[in-house]
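Chain by chain, the residues run as shown.
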Amino acid sequence: MRFWELSKKEVINCKDGKRLGYVADLEIDVMTGKVCKLYVPGPGKFCGCFGKSPEFVICWNQIVRIGDDILLVDIETKKAYQKGKD
């Protein structure tokens, strides 16, 4: 799967059924070549362009299923919500 395919999938939290948004970025371990984390902009942030609002950080092991249209994750939203980087 390519990143652009992943970025077109909507991220849904299984715990509460809420829509979190779309994947905007990812973190890769350069030693192993594996994806470590996905980053989903928080509410009020559009494509990472307007301000430095918080974002959801989702570890790869928190992904439940990758479907045709959506990406199901199992996270505690308050714990996965982190402030944007400077």
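One structure accompanies this document, and this report is about it. (Residues numbered from 1 in each chain as written. Predicted model: local features only at pLDDT ≥ 70, side-chain atom pairs only at ≥ 80, totals over all residues. Heavy atoms only, no water.)

### Looking at the overall build of the chain
Phase 1 of the analysis: For the chain, the helix and strand inventory stands at two helices and eight strands.
Phase 2 of the analysis: Counting from the amino terminus, helix and strand elements in the chain follow one another as α-β-β-β-β-β-β-β-α-β.
Phase 3 of the analysis: Taken across its 86 residues, the chain has 30% of its residues classed as buried.
Phase 4 of the analysis: Across the chain, the fraction of contacts at a sequence separation of at least 24, relative to all contacts at a separation of at least 6, is 38%.
Phase 5 of the analysis: Carbon together with sulfur atoms contributes 52% to the accessible area of the chain, which is approximately 6200 Å² in total. (Helix = DSSP H or I, 4+ residues; strand = E, 2+ residues; numbered from the N terminus. Buried < 20%, exposed > 50% of the residue type's maximum accessible area, 1.4 Å probe, protein only. Contact = heavy atoms within 4.5 Å. Areas by Shrake-Rupley, 256 points an atom, 1.4 Å probe, with all protein chains shown as cover.)

### Notes on the environment of Val 11
Phase 1 of the analysis: Mapped onto the fold, Val 11 is located in strand 1 (residues 10–13).
Phase 2 of the analysis: Among all residues touching Val 11, those that are not within four sequence positions of it are Lys 18, Arg 19, Leu 20, Gly 21, Val 23, Val 40, Ile 58, Leu 71 and Val 73.

### What to know about the pattern of salt bridges
Phase 1 of the analysis: Per the counting criterion, the structure on display carries three salt bridges.
Phase 2 of the analysis: For Asp 74, the salt bridge identified is with Lys 15, shortest N-O distance 3.2 Å. Taken as a pair, Asp 74 in the loop between strand 7 (70–73) and helix 2 (77–80) and Lys 15 in the loop between strand 1 and strand 2 (19–22) lie far apart in primary sequence, 59 residues in all.
Phase 3 of the analysis: With a relative accessible area of 48%, Lys 15 lands in the partly exposed category.
Phase 4 of the analysis: The salt bridge partner of Lys 15 is Glu 76, with a shortest N-O separation of 3.8 Å. Residue Lys 15 is found in the loop between strand 1 and strand 2, and its partner Glu 76 is found in the loop between strand 7 and helix 2; the two are separated by 61 residues along the sequence.
Phase 5 of the analysis: Here the residues in one salt-bridge network are Lys 15, Asp 74 and Glu 76, joined through shared partners. (Salt bridge = Lys/Arg side-chain N within 4 Å of Asp/Glu carboxyl O.)

### With respect to the sheet that holds strand 7
Phase 1 of the analysis: Sheet architecture is open: four strands sit in the order 2-1-7-6, paired in mixed fashion. The open sheet is flanked by strand 2 and strand 6 (63–66), the only strands paired with a single partner. Sheet twist, expressed as the average angle between the axes of neighbouring strands with direction ignored, equals 25 degrees.
Phase 2 of the analysis: Here strand 1 runs beside strand 7; their pairing, made up of four bridges, is parallel. Bridge assignment links Ile 12 to a residue of strand 7, and that residue is Leu 72. (Pairing = 2+ DSSP bridges. Axes fitted to C-alpha atoms, helices over the stretch in contact; angles between N-to-C directions.)

### What to know about the nonpolar core
Phase 1 of the analysis: By size, the foremost hydrophobic cluster in this structure holds 13 residues, and its most contacted members are Val 11, Leu 20, Leu 38, Ile 58, Leu 71 and Val 73.
Phase 2 of the analysis: For this core, the secondary-structure elements that each account for two or more residues are strand 4 (34–41), strand 5 (55–59) and strand 7.
Phase 3 of the analysis: Apart from the residues within four sequence positions on either side, Ile 58 is in contact with Val 11, Leu 20, Cys 36, Lys 37, Leu 38, Val 40, Val 73 and Ile 75. (Core = buried A, V, L, I, M, F, W, Y, C linked by side-chain atoms within 4.5 Å.)

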